[in-house]
Amino acid sequence: GNIIKDVMTKGELGIVEKGSDVNDLQTEADRSAQKCILGSLSKQFPDVTIIGEEGPHNHEEEIPSEWLVTDLDDSVLASTCPSELQTIQPQDIVVWVDPLDGTSEYTQGLLDHVTVLIGLAVKGKAIGGVIHQPYYNYKIEKDTQGRTVWGLVGLGVGGFTPFKPPSNKFIITTTRSHSDPTVVKALEALKPDEIIRVGGAGHKVLMLLEGKAHAYVFASKGCKRWDTCAPEGILRSLEGKLTDIHGKEYDYSKDVAYPNAQGVFGTSKYVNHEELIAKIPQELKDRFPY
Ligand SMILES: Nc1ncnc2c1ncn2[C@@H]1O[C@H](COP(=O)(O)O)[C@@H](OP(=O)(O)O)[C@H]1O
Ligand SMILES: [Mg+2]
Ligand SMILES: [Mg+2]
Ligand SMILES: [Mg+2]
C-alpha cells in the first residue's frame, strides 16, 4: 500500500499498455507492489506456488530491502487454525496476487477504488484472502493508513464490519471501465433499482461485504484468477458466493488458464445466488461457453 502511495506522490506513474487492449494498463505501482509481495512471500514460503498478475517473479533481481516483509501478523496468528486446514501441505496451496486492482481508476485519480489482492487457494478452492485498500477513507482522513480486510473459511473475517444490504431495493455493482453491450444486457435482465459502477474486483466485493450492493455482476471474460481469488475467499468466509455467470465456481489450481472466461457473479449470504443467476437469459449465458 505504501509503495502504491509513494509512486502516486512522486507522480511518475510509468504507464505501459499491456497487450493490444488500450484499457489494460500497468504502472510503476503495479510492478513495484508485485515485486514486494512476490519477493516477500516466496522468501517466507518457498514451496508454495505464487502467481502474480504482472508476470513471474525474478529470484535473481535485487529488491530494496525495505520492501521485503518478514514479520507476521500476531493478531491473526493468535487465532486457531481451522482443523481442516491443519494438515495441508505447501504443494496444496496457490497464492494469487493482484498487486494493484483497479489500475484504470488509479491512473484517473479514483484512489479509493484501488486495492491490493492476495488470495489463498487450497486444492483449487478459494478459501481465504486479504484485500488491502491503501486509500480507504482518504477524502475524509487526509493521512489515511488504509485498511486491511481478511478472511479465512472456518475462521471468519477481520479488518472491517460486515453489513446487510438494504431490503427495500436491489443494487448491483459492476465495472466502470470495462463495459460492453453484453455486460449491459446482463444487468438489464436483472432489473436492479440501482447500478453502482466502480473500479476493481476487490472494491466491488467490499461493497457486497459492507452491504452497499446485493450483487457483483460482470458478464465479460475480462477478469482473471488474481482478480477474484482473494475476494471470493473472503466472501466465502461469510457464506457468500462468487461464481461464473452459469453459477459454477472457478478452479484456482496452479495449471488453470488465468481468464475468468465465463464472467463473474458475486453475492453475499443475504442474496439467493441461484435465483438471481436464473434470471439471466440462456442466450446471454451461451455467449460464455466452457
Ligand atoms: N477486458 C479486460 N481486459 C483486461 N483486464 C480486464 C478486462 N476487464 C476487466 N479486467 C480486469 O479486471 C479487474 C476488474 O475490472 P473492473 O475494474 O473493470 O471491474 C481489473 O483488474 P486490474 O486493474 O488489476 O488490471 C481489470 O483490469
Ligand atoms: Mg491489470
Ligand atoms: Mg485486478
Ligand atoms: Mg492488477
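Once a new chain begins, its residue numbering starts again from 1 and follows that chain's sequence as written. Think of it this way: whatever chain is written first is A, whatever ligand is written first is 1, and the rest follow in order. Local features are withheld for residues below a pLDDT of 70 in this predicted model, meaning they are given only at 70 or higher, and side-chain atom pairs are given and counted only at 80 or more; totals for whole chains, interfaces and linings count all residues. To obtain the side-chain values, all non-hydrogen atoms of the structure were used and water was disregarded.

## Quick notes on the site of ligand 1
Working step 1: Note on definitions. A residue lies near a molecule or strand when any single heavy atom of the residue is within 4 Å of it. Ligand 1 sits among 19 residues. The nearest are Gly 102, Thr 175, His 178, Gly 200 and Lys 204.
Working step 2: In short, Shrake-Rupley with a 1.4 Å probe defines the accessible areas, and a residue's cover is counted only from the protein chains shown. Coverage of ligand 1 by the protein amounts to 91% of the 540 Å² it exposes when considered alone.
Working step 3: Elements with a minimum of two residues in the shell around ligand 1: β4 (93-101) and α6 (201-209).
Working step 4: The helix count covers DSSP runs of H or I at least four residues long, the strand count covers runs of E at least two residues long, and both are numbered beginning at the N terminus. Counting residues per element, the shell around ligand 1 draws most heavily on β4, which supplies 3 residues.
Working step 5: Put simply, Ala, Val, Leu, Ile, Met, Phe, Trp, Tyr, Cys and Pro go in the nonpolar bin, Asp, Glu, Lys and Arg in the charged bin, and everything else, Gly too, in the polar bin. For the shell around ligand 1, the class distribution of residues is 4 nonpolar, 8 polar and 7 charged.
Working step 6: Bear in mind that the domain bounds are from an automatic or database domain assignment. Built from parts of two domains, the shell around ligand 1 gets at least three residues from each of domain 1 (2-158) and domain 2 (171-285).

## Some thoughts on unusual backbone geometry
Working step 1: Not every positive phi belongs to a glycine, and Lys 191 is a case in point at roughly 45°.
Working step 2: Residue position: Lys 191 is located in the loop between α5 (181-189) and β10 (194-197).
Working step 3: When a residue's accessible area, from a 1.4 Å probe over protein chains only, is under 20% of the maximum for its type it is buried; when over 50% it is exposed; and in between it is partly exposed. Here Lys 191 falls in the exposed class, since its relative accessible area comes to 67%.
Working step 4: One non-glycine residue, Glu 239, lies in the positive phi region at around 65°.
Working step 5: The topology assignment puts Glu 239 in the loop between α7 (225-237) and β12 (241-243).

## Quick notes on the side chain of Thr 27
Working step 1: You can see Thr 27 is positioned in the loop between β2 (25-26) and α2 (28-44).
Working step 2: One polar contact links the side chain of Thr 27 to the main-chain amide nitrogen of Ala 29, over a distance of 3.1 Å.
Working step 3: Any two residues having at least one pair of non-hydrogen atoms within 4.5 Å are treated as being in contact. Thr 27 has contacts with Leu 13, Gly 14, Ile 15, Leu 100, Thr 103, Tyr 106 and Thr 107, leaving out every residue within four places of it along the chain. Under the rule applied, a polar contact is a pair of N or O atoms within 3.5 Å (in protein, one hydrogen donor and one hydrogen acceptor; residues adjacent in sequence only if both atoms are side-chain atoms).

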